[in-house]
Structure formats: structure tokens, C-alpha cells
Amino acid sequence: MSALDWLIVLGLNGAIIAYGLRRARGTSTSGEWFLSSRALPWWAVGLSLFATNMDNSEFVSATGTIASEGLHFLSAHTFGGLIGVTIATFVIVPAIYRAGLYTNSEYLEHRFGPGTRVLGALIQIQYRTSVLGLMIWAVHLTLVGVGGLRPELSWALIVSLVVLSGVYTAVGGLRAVVATDVLQSVLVMAGGLAVCVAVWRTVGGWDAMVAQLESLGTTAEGLAPGLAAADLTHVGAFRGRDGTTSPVVIFIAWILISSGWWTVSHTSTQRMMGARSLWDMKMAGVLGAGVSLVILLFTDMLGLFGRAQFPDFARPDEMYPHLISTYLGIGAKGLVVAGVVSAAVSTFDSMGSSMSAVFTRDIYARFISRDRDDAHYLRVGRIATVAILVLGFAYLPLILRAPTMLAAFRSVTSVFVTPLLIVYLVGAVTRTNRRVGMAGLATGGLYGVVGFVDREVIDVSWLPSWLTGQWEAFVWAVAFTAAGCALAALHPRWRRSAGAVSSPGAGDWLAKSSGELGPIRLHPFRERVPLLASPALYTGILLAISAWLVFGLFW
């Protein structure tokens, strides 16, 4: 990259980080730091959700996965995102919001007891730090492949980004994070669209790309087994790396993966719970999912165009940086890399803020050091922010072993995240007894661990692939978790405790801080919500568009 490109990258991101440090000043209470005093408008929360969802690994992993496996990933960006945000904003998060709680793990104790709370908190920390590993690796690939940096200089820059984002997050909390996410979302959109337009124009459009893929047949390097290059344009063509998995199973798996992101991850639910009303929360979810759908649709196309132009490109995760280097000139290249870096920083700060909240409230304040003053827990949250960000580096060995970054993420997600998603749903929509949560996590988690060991550690010959396969694991995780929940719900002694809730105590810091959040607002309108401002209306429109894209245009 040229000096001008680096000036754009460092100048734009430096300005956003400086703005974050400025907005961080004045945060003095835990209510401000963890939830921005529940005063955030829908558009700010929605753009923050988009910026967090569109991390840099999304660009790199989506392009590489589609170049190798085809458009099945589109299911996650359409139905998966919308179903996930609907479950979160219409069912699960409102229940947490009304209860006056700070974290989604806190809700698990509210419904199922303290053991489920701490287990849910540990699952979340493991889940989100694994995603941090994906982002770190994606930034490294971009800085080396596009920026031409030496590996050691690339790692030094990444560490600097982690430290700087950790500083303003630690000081300002959610308010500073959302403020910077709004600016970062604009930069991410501009960079993503710039590379899409450049590649589209160079290749000659959709028809030219399809013709090139058809001419390749099955000769292209790096394709998943059993696929011809022309099959990449169809959602239902991919049948797993072994060629035997039903595309319906893959479709369901993507819905579960995306739903887990919107509900299990406090990275997203924290923003929703910081909204000024329940209406703002729902509209923010629609905005975040809708903008993500549009930008990711264009990004998904890059994998197809990249495969058409470079049929023998055998390193899928390096496709996105390669396209930037090949098709963008001076200035535009800097804008795109600035967007990639900004996407990374927006997710660094989001995960640092949300996971430090989970650690501080759900583990430290609940089980380690109870009833200290507000300033003490604020300091703990700030220190935990940096520690959470450092944990992301621990997942790099697993990512390097996998055929693609996304394959590593899929293999980890089904272990505990999907069972936790089912437990949240059970807690929000039923009044079943408190033992159900731990029973569901135990059965679903045990299956998840066995499947992960069989897939990633040692092949257990007597376990069939249809039981532990990477895609099938998501469906089975639901089945095993639901079975555990059902058995506990039907237990004759436990049924008496149906609907019971627990509280950490009326006099400690956790309870006091919950009382500082203020009254619950349904919506900001004087009377009823107008029809054209109905979140359900726009959710329905986006679901109809998703159905047309997945089943009508690309299946």
C-alpha cells in the first residue's frame, strides 16, 4: 500500500479512537458503564449492532467460505440473522429488560438458579473470545496480504489496536462503545461497498461471472468435495465436506448459529438492554439485521467473483485480501483496509465491554467479592476488559488447523452455545421449574463435548458421522438439550417449583445497581406506536426478502 493509503487507514481509525476516548470521559457509575443508563436511541443501538456483527472476520471468512463451499453461508445472513434478532428482541431480551437485570446470564439465575448463571457466563466468555481469535487472524491476513507488512510488524499493530480499543472501552463503557460503533459502521459500509463495486465492474457483472464459473467445471482448486464451480451460486448445492449432509440440515444449522449470536452473546444483548424503551430495542434489532443483510449480500458475492477470477486459488481465507490488492487502486485500497481495521476495533471494544460486564456481575460480584462499593466493581470491569481481549489470542492454534476460519468457528459453536440458546428460550416462554436450566445445559453440553472431541481431537470409530458431524451437531444439540429440559420439567418432585425465581439478595451491590436503572418505557410515542413505525412490519418485510433470496433466487 502507498503512503496515502496508510494515512487514510491510520487517520480515520485514529480519529474514531480519539473520539471514543473523548466520549469516555464522565462515566462514573456502573449503570452508565454497563448499560449507558438505558438511554440509547434505536438508531445508535442498531448501527452499533451492525458494526459489531460486521467484524473484519465476517468479510474475510464469508469471502473465503463462499469461494470454497458456495452460497450456503447466505442462509446465516438472511434467515439466520432475522430469526435470531426476532427471538432476541421480541422474546428473550424484553424478559431480561423488564426484570431490571444487566446481563443475560443474570437472567439465568432469575429463572434457573445460581449454578446456571455461572455456567452461562463461562460459556459466553469462551464463545466470544473464540470469535476474537477469528478477528485477530483476519486482521493479520489483511495487513500482510494487502498492506505488505512483515508478520512481526502486523502483530505489533494488532496488539496496539487491542490496547487502544481496550483503553477507551475500559474508561467509558457502553456509552463510548456505541458512540464509536456508529462512526465505525459508516466506515465499514463504505469500505465493503468500495471493494464490491470495484470487483463487479472489473469482472463485467453477474452474467460474466456465472459464465466463467461454468467454464471451470470441476477443475478449480480448493473447492469442497463434490462441487463444480457453477454449484457455488446455489445455496442448496453444498452438502458438507463429506458430501453427505442434507442442505436442509445446513440451513437449520445456520439459523441456530445466528440465533445464538443474537441471544446467547451479551455482545449484542447488552446493546439492546441499553435502549431507552422496548420499542427502541426492537427497532434497533431490525435496523442492525437489515443493514447487515444488505452489506453481507454484497460481500457474499465477492467469494463467487473471486473464484471466477482465480480458479486455482487454494487458500480461501486469503481471498478477500487478494481481491483488495488486485482490484483497488491508491486511496480506495486505504479506504477498504480502514474499514477492515475499523470493523475489528468495533468488535474488540464491544466484546471487551460486554464480556467484562458478564465477568464482573455474574462471576466476581456474585460469587467472589460481594457487596463492595460501586467504584470497586467499576474498576474490576475496566481491568476485566483488557483481560478478555487478551484471551482471544489463545484460539489462534485451533483456527490455523481448520480448512477455513469459519469451519473452526462452527465446530466450537455447537458445543455449548446452541444448548444455552435453547435454555434461554425455555426460560422466556415457559414457567417450568428451576432445575430445567441446569439439566438442559448438562445433557446438551455433554453431547457437545463428545462431538467436539470426535471431530477435532481423536476420531472415535464407533461414533457415526451423522451423530457428531459438524453440521448435524447443531440439530442434535437442540435434541439433547430439549430432552434434558423435558425430563427435568416432568420430574414429579421438581414440578412444584415451576415459575420460581431467585435473587442474589436485596441488600447487596447487584440488587442496588439494578434499582438504579429507572422505570421501563414501552415506546417514545405519546399514545400508541404508529403502523409505519411497527418493528413487526419491517421484520416481516425483511423475512419476505430473505425467502425470495434463499429459496427463490439462489437455492
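All of these numbers come straight from a predicted model, not from anything done at the bench. (Residues numbered from 1 in each chain as written. Predicted model: local features only at pLDDT ≥ 70, side-chain atom pairs only at ≥ 80, totals over all residues. Heavy atoms only, no water.)

Student: Summarise the overall build of the protein; cite the residues concerned and give the values.
Tutor: On a plain count of helices and strands, the protein comes out with 22 helices and zero strands. In summary, the protein has a C-alpha radius of gyration of 23 Å against a globular reference of 24 Å for 555 residues, a match within 12%. Considered along the principal axes of its C-alpha atoms, the protein spans approximately 70 × 55 × 50 Å. Burial analysis of the protein (555 residues in total) assigns 60% to the buried set. Within the protein, counting contacts between residues at least 6 apart in sequence, those at least 24 apart form 84% of the total. Carbon and sulfur atoms form 66% of the exposed surface of the protein, whose accessible area is close to 19,900 Å². Across the protein, 38 positive and 31 negative side-chain charges occur, with their mean positions spaced 12 Å apart. (Helix = DSSP H or I, 4+ residues; strand = E, 2+ residues; numbered from the N terminus. Rg over C-alpha atoms; globule rule 2.2 N^0.38 Å. Buried < 20%, exposed > 50% of the residue type's maximum accessible area, 1.4 Å probe, protein only. Contact = heavy atoms within 4.5 Å. Areas by Shrake-Rupley, 256 points an atom, 1.4 Å probe, with all protein chains shown as cover. Lys, Arg positive; Asp, Glu negative; His and termini not counted. Charge placed at Lys NZ, Arg CZ, Asp CG, Glu CD.)

Student: Can you tell me about the packing of aromatic side chains, naming the residues and giving the values?
Tutor: Between two aromatic rings, the relevant description is the distance of the centres plus the angle of the planes. Summed over the entire model, instances satisfying the criterion amount to 18 aromatic pairs. Note on W206 and F554: the rings are 5.8 Å apart at their centroids and 55 degrees apart in plane angle, and the pair reads as tilted. Here W206, found in helix α9 (residues 206–216), pairs with F554, found in the segment after α22 (535–553); they are 348 residues apart in sequence, far enough to count as distant. W206 gets classed as partly exposed once you look at its relative accessible area, which sits at 26%. (Phe/Tyr/Trp six-rings, centres within 6.5 Å; stacked < 30°, edge-to-face > 60°.)

Student: Requested: an account of a nonpolar patch on the surface, with residues and values cited.
Tutor: Side chains of L531, L532, L537, Y538, I541, I545, W548 and L553 sit close together on the surface and give an oily, nonpolar patch of about 790 Å² of accessible area. With respect to the secondary-structure elements, L531 resides in the loop between α21 (509–515) and α22. Residue classification places L531 among the exposed residues on the basis of a relative accessible area of 66%. (Patch = residues over 30% accessible without salt bridge, like charges linked within 9 Å, V, L, I, M, F, W, Y side chains within 5 Å. Salt bridge = Lys/Arg side-chain N within 4 Å of Asp/Glu carboxyl O.)

Student: How would you summarise the layout of surface pockets if you had to cite specific residues and measurements?
Tutor: Considered as a void within the structure, the second largest pocket measures approximately 230 Å³ in volume. What lines the second largest pocket is a set of 13 residues, and nearest its centre among them are W200, L297, F298, M301 and F305. Of all the secondary-structure elements, those providing two or more residues to the lining of the second largest pocket are α8 (151–203), α12 (278–309) and α22. Looking at the lining of the second largest pocket, the element that brings in the most residues is α12, giving five residues. A per-class count over the lining of the second largest pocket returns 13 nonpolar, no polar and no charged. (1 Å grid on protein atoms, 1.4 Å probe; cavity = no way out; pocket = protein on both sides within 12 Å on 5 of 7 lines; lining within 4 Å. Points joined across faces, edges and corners; volume = space filled by probe spheres on them. Nonpolar A, V, L, I, M, F, W, Y, C, P; charged D, E, K, R; others polar.)

Student: Please provide a residue-by-residue account of the packing of helix α5 (residues 74–98) against helix α10 (residues 247–263), values included.
Tutor: Where α5 contacts α10, the axes come no closer than 7 Å and their chain directions differ by 45 degrees. Here α5 lies oblique to α10, going by the angle between them. When the axes of α5 and α10 are compared, the crossing they make is right-handed. Contacts between α5 and α10 involve S75, A76, F79, G80, G81, I83, G84, V85, I87, A88 and I92 from the first element and F251, W254, I255, S258, S259, W262 and T263 from the second. Class assignment of the residues belonging to the contact of α5 with α10 gives a composition of eleven nonpolar, seven polar and no charged. (Axes fitted to C-alpha atoms, helices over the stretch in contact; angles between N-to-C directions. Parallel < 35°, antiparallel > 145°, perpendicular 65-115°, else oblique. Left-handed = near helix turned anticlockwise from the far one by under 90°.)

Student: An account of the pattern of salt bridges is needed here, citing residue identities and associated values.
Tutor: Summed over the entire model, instances satisfying the criterion amount to six salt bridges. The salt bridge involving E109 is made with R117; its shortest N-O contact spans 2.6 Å. Accessibility expressed as a relative area gives 2% for E109, which makes it buried. For R117, a relative accessible area of 1% gives the class buried. Residues E152 and R150 are paired through a salt bridge, measuring 3.0 Å at the closest nitrogen-oxygen approach.

Student: I'd like a rundown of the nonpolar core, residues and numbers included.
Tutor: Generally speaking, a soluble globular protein has its nonpolar side chains buried in company with each other. Grouped together as the largest cluster of nonpolar side chains are 153 residues, with contacts concentrated most on V195, V199, W262, Y320 and F348. Among the elements that take part in this core, helix α14 (residues 332–368) stands out by supplying 16 residues, more than any other. Residues within four places of W262 in sequence aside, it is in contact with L49, G81, G84, V85, A88, S268, T269, M272, G288 and A289. Counting five residues, the second largest nonpolar core, distinct from the first, contains Y447, L463, L467 and A473. (Core = buried A, V, L, I, M, F, W, Y, C linked by side-chain atoms within 4.5 Å.)

Student: Give a description of the environment of A51 that names residues and reports values.
Tutor: Note that A51 resides in helix α3 (residues 42–53). In this structure, the C-alpha to C-alpha distance between A51 and V345, residues 294 residues apart in sequence, is 9.5 Å. Not counting residues up to four positions away in its chain, the partners in contact with A51 are D181, S185, A343, S346 and T347.

Student: Would you mind going over the confidence of the model for the protein in detail, with residue names and values included?
Tutor: In this model, the protein carries a mean pLDDT of 82, and residues with pLDDT of at least 70 account for 92%. Within the protein, the lowest mean pLDDT, 70, falls on helix α2 (residues 30–35), and the highest, 93, falls on helix α20 (residues 472–490). (pLDDT = per-residue confidence, 0-100.)

Student: Which residues make up helix α7 (residues 114–145), and what values do they have?
Tutor: The terminal C-alpha atoms of α7, which comprises 32 residues, lie 47 Å apart, in line with the 46 Å expected from a rise of 1.5 Å per residue. Taking burial as the measure, the 32 residues of α7 include 24 buried ones, the bulk of the element. (Expected span 1.5 Å × (residues − 1).)

Student: Let's hear about the packing of α5 against helix α11 (residues 266–273): which residues, and what values?
Tutor: Axis separation between α5 and α11 bottoms out at 10 Å; the angle between their running directions is 70 degrees. Taken together, the axes of α5 and α11 are roughly perpendicular relative to one another. Residue-level inspection shows A88, T89, V93, I96 and Y97 of α5 in contact with α11, the latter providing T269, M272 and M273. When grouped by side-chain class, the residues that make up the contact of α5 with α11 number six nonpolar, two polar and no charged.

Student: Run through the environment of L12, naming residues and quoting values.
Tutor: If you trace the backbone, L12 turns up in helix α1 (residues 3–24). In this structure L12 comes out as partly exposed when scored by relative accessible area, which is 35%. Distance from L12 to A338, taken between C-alpha atoms, is 7.0 Å for residues 326 residues apart in sequence. Every residue in contact with L12, bar those within four places of it in the chain, is listed here: L7, L187, L335 and A338.

Student: Please provide a residue-by-residue account of the side chain of R366, values included.
Tutor: If you trace the backbone, R366 turns up in helix α14. When its relative accessible area of 11% is taken as the criterion, R366 is described as buried. Separated by 2.7 Å, the side chains of R366 and E109 make a polar contact. (Polar contact = N/O pair within 3.5 Å; in protein donor to acceptor, adjacent residues only side chain to side chain.)

Student: Describe α20, with residues and values.
Tutor: If you check α20, its first and last C-alpha atoms are 27 Å apart, about what 19 residues at 1.5 Å a residue would give, namely 27 Å. Of all the positions in α20, only E472, A473, F474, A477, T481, G484, C485 and A488 are classed as buried.

Student: Describe in detail the environment of W462, supporting the description with residues and values.
Tutor: If you trace the backbone, W462 turns up in the loop between α18 (435–457) and α19 (465–468). For the pair W462 and S130, spaced 332 residues apart in the sequence, the C-alpha separation amounts to 29 Å.

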